[in-house]
Amino acid sequence: MNIHRQILVGIALLAPAVLAAQTVVGSKKFTESIILSEIAGGVLESSGLTVAYQRELGGTRILWEALLRKDIDLYPEYTGTLLAEILRLPADTEAAELTRLLAERGIAMSAPIGFENTYALGMRRQRATSLGLRRLSDLHAHPDLVFGLSHEFLERQDGWPGLRRRYELEGGDLRGIDHEIGYRGLASGAIDVIDLYTTDAEIAYYDLIALEDDRGYFPSYQAVFLFRRDSDLQLGRALDGLAGKIDERRMIALNARVQLGGESPSKVATDFLREAMQIDRPAYEESLSAAILARSGEHLLLVSVSLLLAVLFGAPLGFVAARRARLGATILAVAGVIQTIPSLALLVALLPLMGIGAAPALTALFLYSLLPIVRGTALGFGGISAGTHEAAESLGLPAWFRFWHVYCPMALPSILSGIKTAAVINVGVATLGALIGAGGYGQTILKGIRLDDTQLILAGALPAAALALLIQVAFDLIERLVVSRGLRQQ
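All values reported here derive from a predicted model rather than from experimental measurement.

## Considerations on the overall build of the protein
Regarding its fold elements, the protein presents 23 helices and ten strands. With respect to the principal axes defined by its C-alpha atoms, the protein has extents near 85 × 55 × 45 Å. Looking at the protein as a whole, 50% of its 490 residues are labelled buried. Considering only contacts in the protein between residues 6 or more positions apart, those separated by 24 or more positions represent 75%. Surface accessibility of the protein: about 22200 Å² in total, with carbon and sulfur atoms responsible for 59%. Positive and negative side-chain charges of the protein, numbering 44 and 50 respectively, have mean locations separated by a distance of 7 Å.

So, in structure tokens, the structure goes:
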């Protein structure tokens, strides 16, 4: 969805009116999820529904919370993830019980799409053969191996913690990395073992083997769609048409066209719909120049709106901090604590309250901007000497005149310095907004990482760096225009 609309949703709370007529399809930030969401969207469009997309959101929890909050109407998921990570249920939970528990939360599950995509640990075939490794239990005898595991797998209930206990794996060099980067680390020899999705096209491409789960740790991961039960009934009937349509071999081939062939997920989904379901729809294609322009607008809007709000709140707080020492210490301490919260953690923490999109990203950026603005304002006003105050008062100047025409000009260099620092920080932090559907340069960077496309990564990173430099230059010019030469030299 357009970020301008998202900001209106966040500020004006008009989400029900804006989105009521659309079916919003979400996807995680890996290729298979994006392809499946495009396929589902095409099926829904063919049945007469108007579809919008929230592409390449973060991990499982972000999508699940978005579904519960009605920010999206459906997204592709896997039964093993649903049981172990979302609902924390035993792997042998019966389908009827699972359906009942989902219904209590207002969620329904489609029939299986036709393939299973389970977790596995993988190695280069040559490396595994040389060490005599075929099963996961064989890893116990090789504690010196280097593991490169995706961040979500490291934390999941059905991921590394439980796997490590089941197979009594101790020692080893454990590194948290992005899933797609893991394949490149494995190919280069920097990593020995990574977590795989068994339908990944890279497994055959890099000649990898999936170690046998000989103690039966991983549950079944049948691909399904989760959707809201209060959605249009037409939605559920349309998704039934995808039951059993994609087997494992076909899913691997679809993934390969994107990951290895460089095709867009939209085109791959469109071809599948035409060939397998006789559904014809135009593929969504966005040129690189158009993408950079769109992401620039989104990024600039995130930074400018959050910065404006931070100035409106932070500057008065900084003035209070300069005039009231004890209260000022508390204000600065709270702003400092907020600054220490990891940005991704803050974004995820805001999701249950604000949903996906621009609103939580703007809130996080606003909070991160407070400390430099409050501190700069407090230093500016606090640095005015007692003699200056006495001189201004002795002249009989009114309080409002002293504030605007004496104290503010003297504090302005420090205030501008704090605002400039906040703006530059926001440019970097705003790239994480792509993980929650806020757009910006982070969306291009994440896509480049997923596709191992350096051009795309640079198309997001370089404009972000240029924007930060432009902001610094702009503030330097503003300072020359509004601050007297004597204060600048001082």
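## Describing a nonpolar patch on the surface
Together, Leu308, Leu309, Leu312 and Phe313 give the surface a local cluster of nonpolar side chains, amounting to about 400 Å² of exposed area. The topology assignment puts Leu312 in helix 15 (residues 288-323).

## As for helix 18 (residues 358-382)
With 25 residues, helix 18 extends 35 Å from end C-alpha to end C-alpha; this agrees with the ideal 36 Å at 1.5 Å per step. The sharpest bend along helix 18 comes to roughly 30 degrees, located at Leu370, with the proline Pro372 sitting one to four residues further on. Of all the 25 residues making up helix 18, 21 are buried; the element is thus mostly covered by neighbouring parts of the structure.

## So, helix 6 (residues 95-104)
Every buried residue of helix 6 is listed here: Leu98, Leu101 and Leu102. Looking down the long axis of helix 6, one finds its buried residues gathered within 100 degrees of arc, a one-sided arrangement. Of the residues in helix 6, the exposed ones pointing more than 90 degrees away from the buried face are Ala96 and Glu104. Buried-residue contacts for helix 6 involve helix 4 (60-68), helix 5 (79-86), strand 4 (107-109) and strand 10 (223-228). Just downstream of helix 6, Gly106 is the residue with a positive phi angle, here 80 degrees.

## Observations regarding the side chain of Glu77
Topologically, Glu77 is positioned in strand 3 (residues 74-78). Under the relative-accessibility criterion, Glu77 is labelled buried at 0%. Those residues within four positions of Glu77 in sequence are excluded, and the remaining contacts are Lys28, Thr60, Ile86, Gln222, Ala223, Val224 and Leu226.

## Concerning the pairing of strand 1 (residues 23-26)
Residues Thr23 and Val25 line one face of strand 1 and the alternating positions Val24 and Gly26 line the opposite face, and both faces are buried. Sheet topology places strand 1 next to strand 2 (residues 51-54); four bridges connect them, and they run parallel. Considered in strand 2, the bridge of Val24 is made with Ala52. Following the chain from strand 1 across helix 3 (residues 31-46) to the adjacent parallel strand 2, one finds a crossover that is right-handed.

## Describing the packing of helix 4 against helix 5
Across the interface, helix 4 lies against helix 5 with an axial gap of 12 Å and an inter-helix angle of 90 degrees. Looking at the two axes, helix 4 sits roughly perpendicular to helix 5. Residues Thr60, Arg61 and Trp64 of helix 4 form the contact with helix 5, whose own contacting residues are Thr81, Leu82, Glu85 and Ile86. Considered class by class, the residues forming the contact of helix 4 with helix 5 number three nonpolar, two polar and two charged.

## So, the pairing of strand 6 (residues 146-150)
Most of strand 6 sits out of view: five of its five residues are buried. Residues Val146, Gly148 and Ser150 of strand 6 are buried on one face, and the alternating residues Phe147 and Leu149, pointing to the opposite face, are buried as well. In this sheet, strand 7 (residues 173-177) lies alongside strand 6 in parallel orientation, the contact comprising five bridges. Among the inter-strand pairings, Ser150 is bridged to a residue of strand 7, identified as Ile177.

## With respect to the environment of Gly122
Among the secondary structure elements, Gly122 is positioned in strand 5 (residues 119-124). In this structure the C-alpha to C-alpha distance between Gly122 and Val24, which are 98 residues apart in sequence, comes to 35 Å.

## Remarks on the pattern of salt bridges
Per the stated rule, a full pass over the model turns up 26 salt bridges. Its salt-bridge partner being Arg281, residue Glu45 comes within 3.8 Å of it at the nearest N-O pair. Note that Glu45 is positioned in helix 3 and Arg281 in the loop between helix 14 (265-277) and helix 15, a separation of 236 residues in sequence. On the basis of relative accessible area, Glu45 is assigned to the partly exposed category, the value being 31%. Residue classification places Arg281 among the buried positions, given a relative accessible area of 9%. In this structure, Arg228 and Asp73 form a salt bridge, with 2.3 Å as the shortest nitrogen-oxygen distance. With a gap of 155 residues between them, Arg228 in strand 10 and Asp73 in the loop between helix 4 and strand 3 connect regions that are remote in the sequence. Judged on exposure class, the residue Arg228 and its partner Asp73 are both buried.

## A closer look at the sheet that holds strand 9 (residues 208-210)
Either a parallel or an antiparallel arrangement is found when strands of a sheet pair, and the pairing is made through backbone hydrogen bonds. The sheet built from five strands is open, its strands ordered 7-6-8-5-9 with mixed pairing. Bordering the open sheet on either side are strand 7 and strand 9, each of which pairs with just one other strand. Going across the sheet, the axis of each strand differs from the next one's by a mean of 35 degrees, ignoring polarity. Docked against the sheet, helix 10 (residues 179-188) engages strand 5, strand 6, strand 7, strand 8 (193-197) and strand 9, running at close to 135 degrees with respect to strand 8.

## What to know about the packing of helix 21 (residues 441-451) against helix 22 (residues 454-482)
It is at 6 Å that the axes of helix 21 and helix 22 come closest, and there the two elements cross at 150 degrees. It follows from the interaxial angle that helix 21 and helix 22 lie roughly antiparallel. Here helix 21 and helix 22 pass one another in a crossing that is left-handed. Every residue of helix 22 that contacts helix 21 at Tyr441, Thr444, Ile445, Lys447, Gly448, Ile449 and Leu451 is listed here: Leu456, Ile457, Ala459, Gly460, Ala461, Pro463, Ala464 and Leu467. Along the lines of polarity and charge, the residues of the contact of helix 21 with helix 22 split into eleven nonpolar, three polar and one charged.

Cut-offs applied
- Numbering of residues starts from 1 in every chain and runs along the sequence as written.
- Residue-level local features of this predicted model are given only where pLDDT is at least 70; pairs of side-chain atoms are given and counted only at 80 or more, and the full residue set underlies all totals for whole chains, interfaces and linings.
- Excluding hydrogens and water, the side-chain values take into account all heavy atoms of the structure.
- A helix here means a DSSP run of H or I that spans at least four residues, while a strand means a run of E at least two residues long, and both kinds are numbered starting from the N terminus.
- Only protein chains enter the area calculation, which uses a 1.4 Å probe; residues under 20% of their type maximum are buried, those over 50% are exposed, and those in between are partly exposed.
- Whether two residues touch is decided by their heavy atoms; if any such pair falls within 4.5 Å, the residues are in contact.
- Residue exposure ignores everything except the shown protein chains as possible cover, and the areas themselves are Shrake-Rupley values with a 1.4 Å probe.
- Charge assignment: positive for Lys and Arg, negative for Asp and Glu; neither His nor the chain ends contribute.
- Think of each charge as sitting on NZ of Lys, CZ of Arg, CG of Asp or CD of Glu.
- Nonpolar side chains (Val, Leu, Ile, Met, Phe, Trp, Tyr) within 5 Å and like charges within 9 Å form the patches, drawn only from residues with over 30% relative accessible area and no salt bridge.
- What counts as a salt bridge is simple: a side-chain nitrogen of Lys or Arg found within 4 Å of a carboxyl oxygen of Asp or Glu.
- Helix span is expected to be 1.5 Å times the residue number reduced by one.
- A residue's bend is the angle separating two fitted axes: one through the seven residues that end there, the other through the seven that start there.
- By arc we mean the arc of the directions from the helix axis to the C-beta atoms, nothing more.
- Following DSSP output, two strands are said to pair if at least two bridges run between them.
- Here a crossover is taken to be right-handed if, once the strands point away from the viewer, the path from the first strand over the helix to the second is traced clockwise.
- Simply put, an axis is a line fit to the C-alpha atoms, just over the touching stretch for a helix, and the angle between two N-to-C directions goes from 0 to 180 degrees.
- The scheme is simple: roughly parallel for angles under 35 degrees, roughly antiparallel for over 145, roughly perpendicular for 65 to 115, oblique for anything else.
- For this classification, the nonpolar set comprises Ala, Val, Leu, Ile, Met, Phe, Trp, Tyr, Cys and Pro, the charged set comprises Asp, Glu, Lys and Arg, and every other residue, Gly included, is treated as polar.
- Handedness of each helix crossing follows the sense of rotation of the near helix against the far helix: counterclockwise by less than a right angle gives left-handed, clockwise gives right-handed.

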